[in-house]
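Summary of the model geometry
Chain by chain, the residues:
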Amino acid sequence: MTGADEERKGVAGVRRLEVVAGVLVFAAVVATPLLIFGYERALRPALASPYEWRVAMHVFEDGGFRPNRIEVAKGQRGRLVLTSYDVTHSFQLLDFGIDTGPIFPGTKRVVEFVADRVGTFPFQCNVRCSPLHRNMVGQLIVKP
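Details of the sheet that holds strand β2 (residues 65-66)
Strand order across the open sheet formed by four strands is β2-β1-β4-β7, with mixed pairing between neighbours. Single-partner strands in this sheet number two, and they are β2 and β7 (108-114). Two elements, strand β1 (residues 51-57) and β2, share two bridges in a ladder whose sense is antiparallel. Paired with Ala 56 across the two strands is Arg 66, which belongs to β2.

Observations concerning the side chain of Ser 130
Among the structural elements, Ser 130 can be located in the loop between β8 (119-124) and β9 (137-143). Apart from residues no more than four positions distant in its own chain, Ser 130 is found in contact with Val 59, Phe 60 and Glu 61.

Here's the deal with the pairing of strand β3 (residues 69-73)
Side chains on a regular strand alternate between the two faces of the sheet. Only one face of β3 is covered, namely the one carrying Ile 70 and Val 72; the face carrying Arg 69, Glu 71 and Ala 73 has none of its residues buried. Alignment of β3 against β9, held across five bridges, turns out to be parallel. From the neighbouring strand, Ile 70 faces β9, where its bridge partner is Leu 140.

Conventions we followed
- Residues numbered from 1 in each chain as written.
- Predicted model: local features only at pLDDT ≥ 70, side-chain atom pairs only at ≥ 80, totals over all residues.
- Heavy atoms only, no water.
- Pairing = 2+ DSSP bridges.
- Helix = DSSP H or I, 4+ residues; strand = E, 2+ residues; numbered from the N terminus.
- Contact = heavy atoms within 4.5 Å.
- Buried < 20%, exposed > 50% of the residue type's maximum accessible area, 1.4 Å probe, protein only.

Set out below in structure tokens:
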């Protein structure tokens, strides 16, 4: 083995050590805080506390859902506090797997979801509550 070969071997060994040191520094600076403080709080602060909407439900002649349009950003958590004020209603947001079943007058139901995809998603009452029941609809709009 010549001196040039030995020198190349030494340079390659130093480069390997630099790579290992870089990985260790990355782990210390980035990965360890993520483990300590948690993925949700470090990378997804929107998931830490949900946005909350109070949704009043009345027979459609008196307004249907109020609000009937809810906007949220993708990745955010949402909480809906649903209250029926007059007759039995329900709340369906099938694209997010939500179907409350009957919500009786004067009672509340809380549902939560994560807005994990962009789009406009319909929600509706699924209990025949009045002659204009089919008009008791709304939209969840998830923006990028």
